[in-house]
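Architecture at a glance
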Amino acid sequence: MVKLIDEFRLGWRGISQPSPLLGIGFASGCLALSTAARWGLSLVRPDVFFTPYFPAVVFATAFGGFRLGIATALAGGALGMTVNFSEATADSARLALLAAYLVVCGLTIWGVEHYRAIASQQREISKRLIREEEYRKLIVGELQHRLKNKLSTIHAVLHQVLHDRPEIWAGVDQRLRALSRTDDLIASVDGLGCDIKDLLVSELGPYGHVRFNLNGNPLFLPDKLAVSLALVFHELATNAGKYGAFSSPRGLLQVSWTVTGDRLIITWDETEGPPIESVGAAGFGTKLLKSALTSFDGKTEIAFLKTGVHCTMQCRIPAS
């Protein structure tokens, strides 16, 4: 019985074709119910011959496919012609109704079968996306593991080289540990999310906590938005370390954020950095900054001012 119910469920959902015996039994049951409904209607309208069999055709096609639907339509037409619940006889008018019934059944069967095909394609696409997502997580996990191992190797090598220079090693050790904590946080927010301040502190911490100022209320970021902003902050911080405020001894950074409704606005202001003489062609980093927030109805605007880089980010905060 359990196997029969499971087969019925899979057939009804279109995952697999039911066995011929189950399909015939289901269609027969639909025809019996339709005939009973036709008998009830005959008490009011004795000239209703084929209309009650339309639901049987629809259900049979949805359950077993177009072949079972065609068989049900033909059986319903035969029952409408031969079974009488009144004194009416099969005449030319009933033949015309039969022709119309078969045409409508044909269109109905085509429509239901087309829907079944689309549903089947969507199931296959969903399965493929699930497999690709699992593979992505596997690859990302492996890359994170390798990155952590490489950082540990660099940490060990530098420790050996600088073991007799404790004053230099103290600063290097703190920065490497901060970078490691940043990588761990970025890895953990995928699927969980985090507070925006924690994300900024982990990214900017290696440059020194006295070099930046954060202004804004506590704000929890959903996982996907947190990952996107982590990429943006990492790119901006890297540029600040190479060419901007963090590359100058007196350079400072101020990051502010506000929330209006479901819109998040973040301002990144660098000051006291080296003067920006010229701006080259847009590279991968600039393209990343421009596109990272588009999936959240957002955009990023960058201005290279004399005082330093000014970046404004705005996006929609998705529901957690």
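Scroll up a little and you will see the structure.
Summary of the structure given here.

Each value, and the rule that gives it
Sequence positions are assigned chain by chain, starting from 1 and proceeding in written order. The model is predicted, so local features are restricted to residues of pLDDT at least 70 and side-chain atom pairs to those at 80 or more, both for listing and for counting; the totals for chains, interfaces and linings are taken over all residues. Only hydrogens and water are removed before side-chain values are computed, so all heavy atoms of the structure are retained for them. The numbering of helices and of strands both runs from the N terminus, where a helix is a DSSP run of H or I of at least 4 residues and a strand a run of E of at least 2. Burial classes follow relative accessibility: with a 1.4 Å probe on protein chains only, a residue under 20% of its type's maximum area counts as buried, one over 50% as exposed, and anything between as partly exposed. Throughout, a residue-residue contact means that at least one pair of heavy atoms, one from each residue, lies within 4.5 Å. For the area figures, the Shrake-Rupley method with a 1.4 Å probe applies, and any residue is considered shielded solely by the protein chains shown. Within 6.5 Å between ring centres, the rings of Phe, Tyr and Trp (the latter by its six-membered ring) count as paired, and their orientation is classed by plane angle as stacked under 30 degrees, edge-to-face over 60, tilted in between. For salt bridges, the criterion is a side-chain nitrogen of Lys or Arg within 4 Å of an Asp or Glu carboxyl oxygen. What qualifies as a polar contact is a pair of N or O atoms within 3.5 Å, subject to a donor-acceptor requirement within protein and to the restriction that residues adjacent in sequence count only when both atoms come from side chains. Residue types Ala, Val, Leu, Ile, Met, Phe, Trp, Tyr and Cys, when buried and joined through side-chain atoms within 4.5 Å, form a set referred to as a nonpolar core. Pairing between strands is defined by DSSP: at least two bridges between the two strands are required. Fitted lines through C-alpha atoms serve as axes, helices being fitted only where they are in contact, and the angles separating the N-to-C directions of these axes extend from 0 to 180 degrees.

Another aspect to go through is the overall build of the protein. The secondary structure content of the protein amounts to nine helices and seven strands. Out of the 320 residues belonging to the protein, those deemed buried represent 33%. Sequence separation of 24 or more characterises 66% of the internal contacts of the protein that already satisfy a separation of 6 or more. Entry remark: accessible area of the protein is about 19300 Å², with carbon and sulfur atoms responsible for 63%.

Our next topic: the packing of aromatic side chains. For any pair of aromatic rings, the description rests on two quantities: the centre-to-centre distance and the angle between the ring planes. Counting across every chain of the model gives six aromatic pairs. Ring centres 6.4 Å apart and planes at 20° place the aromatic pair Phe233 and Trp268 in the stacked group. Taken as a pair, Phe233 in helix α8 (residues 223-242) and Trp268 in strand β5 (residues 263-271) lie far apart in primary sequence, 35 residues in all. An aromatic cluster is present here, built from Phe49, Phe50, Phe54 and Tyr101 joined pairwise through their rings.

Below, the discussion takes up the pattern of salt bridges. Under the defined criterion, the tally for this structure stands at five salt bridges. Among the ionic pairs, Glu132 bridges to Arg128, the shortest N-O distance being 3.8 Å. Of this pair, Glu132 and Arg128 both sit in helix α5 (residues 92-161), separated by four residues, roughly a single helical turn. Among the salt bridges present, the one from Lys299 reaches Glu301, with a minimum N-O distance of 3.4 Å.

Taken residue by residue, helix α7 (residues 196-204) has Ile196, Leu199, Leu200, Ser202, Glu203 and Leu204 as its buried positions. The N-terminus of α7 is capped by Asp195, whose side-chain oxygen sits 2.9 Å from the backbone nitrogen of Lys197.

Quick look at the nonpolar core now. The biggest cluster of nonpolar side chains holds 34 residues, and the ones touching the most others in it are Leu204 and Trp268. For this core, the elements supplying multiple residues, two or more each, are α7, β2 (212-215), α8, β4 (252-260), β5, α9 (284-291) and β7 (308-316). By residue number, the principal contributor to this core is α8, which donates nine residues. With residues near it in sequence (within four places) discarded, Leu204 still touches Phe212, Leu214, Ala237, Phe246, Leu253, Val255 and Trp268. Counting residues in each nonpolar core, the second largest holds 19 residues, with Cys30, Phe49, Ala60 and Phe63 among its members.

Time to look at unusual backbone geometry. Negative phi is the rule for most residues except glycine; trans is the rule for most peptide bonds. Positive phi, close to 65°, is recorded for Glu272, a residue that is not glycine. The backbone phi angle of Asp297 is positive, close to 55°, even though this residue is not glycine. On the secondary structure map, Asp297 appears in the loop between α9 and β6 (299-305).

Right, let's get into the sheet that holds β4. In space, the five strands of this open sheet follow the order β2-β4-β5-β7-β6, with mixed pairing throughout. Single-partner strands in this sheet number two, and they are β2 and β6. On average, each strand axis in the sheet is inclined to that of its neighbour by 10°, with strand direction left out of account. Here β4 runs beside β5; their pairing, made up of nine bridges, is antiparallel. Within the sheet, the bridge partner assigned to Leu252 lies in β5 and is Thr271. Lying on the sheet, α7 is in contact with β2, β4 and β5; it crosses β4 at an angle near 165°.

Coordinates in, geometry out; function isn't part of it.
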